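Chain residues, written in single-letter form:
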Amino acid sequence: MSSQNVSRRSLLAAGGLTAAGAAGVLGLAAPASAHPTEPPAPTPTTALNRLIAGNKRFYKGDARHPHQSLKDLHDLASGQHPFAITLGCADSRVSPEILFDQGLGDLFDNRVAGNIVDDLLLGSIEFAIEEFGVPLIVVVGHERCGAIVATIDAIENGGEAPGHIGTIVEALRPVVEPLVGGPGDVVEAAVKANVLAQVQALFDQSEIVREKVHEGALGVVGARYDLDNGKVTLVG
Ligand SMILES: [Zn+2]
């Protein structure tokens, strides 16, 4: 599938967020809470807004570190209701709870170097969708990703990565290879292309994702994290 299609699909998913919000969630809003003080269930739009607001607190130096007390731990011991699923890189600088200023029970994290969808991670993501009704998946790539750099190096210089590292390089190769030798910052272009490719892979490989997005119950967005200033920006 062309990158144009990837882009369109990604935008479609993001556009769905806006439409759902504007239309008062089109009958997909949380059912009236039995408990008047209980907040309404998050929608794709409110979940994304919550992440964006948390990231803003983080990069402005106003992080609240919510839901990280012993009381939160005890409250969550019997169950969880995460409001977003992340697919991010294992890089030590891109911990989702920190860069989105969230806490225990908020995010269902899936992390692997290069933020790549495979069968195991897809099973994990689908589990969160089915089990907890999570309304948002965000694929988080990041600036100067080492997995991307290693893949570019393997393409440019040949040779094989040791051990199982080659599995990551080979998974990224189809996304990265067309960009090598091109103009501009190839690492940056590949980071963004990979985010879009993994968003597309979620659609292509998961019937559950496709159905939930079609119903308006799930949004899927791609994002890039800036290592220099801490900002997360949507890609698509
Ligand atoms: Zn990385």
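The paragraphs below set out a description of the structure included in this document. (Residues numbered from 1 in each chain as written. Predicted model: local features only at pLDDT ≥ 70, side-chain atom pairs only at ≥ 80, totals over all residues. Heavy atoms only, no water.)

In this section: the coordination of the zinc ion. In the first shell of the zinc ion, the protein supplies C89 (SG), H142 (NE2) and C145 (SG), at 2.0 to 2.3 Å from the metal. Sequence positions of the donors to the zinc ion reduce to the motif C-x52-H-x2-C. Here C145 lies in the loop between β3 (136–142) and α6 (146–157) and C89 lies in the loop between β1 (84–88) and α4 (96–99), a separation of 56 residues in the sequence. For the pair C89 and C145, one class covers both residues: buried. (Donors = N, O, S within 2.8 Å, 3.2 Å for Na, K, Ca; no water. Helix = DSSP H or I, 4+ residues; strand = E, 2+ residues; numbered from the N terminus. Buried < 20%, exposed > 50% of the residue type's maximum accessible area, 1.4 Å probe, protein only.)

Spatially, the 5 strands line up as an open sheet ordered β2-β1-β3-β4-β5, and their pairing is mixed. In this open sheet, the two edge strands, each paired with only one partner strand, are β2 (107–111) and β5 (232–235). In this sheet, adjacent strand axes meet at a mean angle of 30° when their direction is disregarded. By the bridge criterion, 7 bridges tie β3 to strand β4 (residues 219–225) in an arrangement that is parallel. If you follow I137 over to β4, its bridge partner there is V220. Sheet strands in contact with helix α2 (residues 44–59) are β1, β2, β3, β4 and β5, and its direction is about 35° off that of β3. Across the face of the sheet, helix α5 (residues 119–132) comes into contact with β1, β2 and β3 while running at roughly 170° to β2. (Pairing = 2+ DSSP bridges. Axes fitted to C-alpha atoms, helices over the stretch in contact; angles between N-to-C directions. Contact = heavy atoms within 4.5 Å.)

Right, let's talk about the side chain of Q102 for a bit. Here Q102 shows up in the loop between α4 and β2. Residue contacts for Q102: discarding those within four places in its chain leaves R50, L51, G54, R57, P66, Q68, F83, E97 and L107.

A few words now on α6. The end-to-end C-alpha separation of α6 is 16 Å, in line with the 16 Å expected for 12 residues at 1.5 Å each. The complete set of buried residues in α6 reads A147, I148, T151, I152, A154 and I155. Projected onto a plane normal to the axis of α6, the buried residues spread over an arc of 160° and lie on a single side. Facing away from the buried side of α6, by more than 90 degrees, are the exposed residues E156 and N157. (Expected span 1.5 Å × (residues − 1). Arc of directions from axis to C-beta.)

A few words now on the nonpolar core. Formed by 29 residues in total, the largest nonpolar core has its most connected members in L51, F100, L136, I148, V176 and Y225. Those elements giving two or more residues to this core turn out to be α2, β3, α6, α7 (165–176), α8 (186–205) and β4. No other element matches the 4 residues that α6 contributes to this core. Contact partners of F100, with chain neighbours within four places excluded, come to L51, G54, N55, R57, L107, V140 and V232. Counting residues in hydrophobic clusters, the runner-up holds 22 residues, among them V117, V195, L196 and F203. (Core = buried A, V, L, I, M, F, W, Y, C linked by side-chain atoms within 4.5 Å.)

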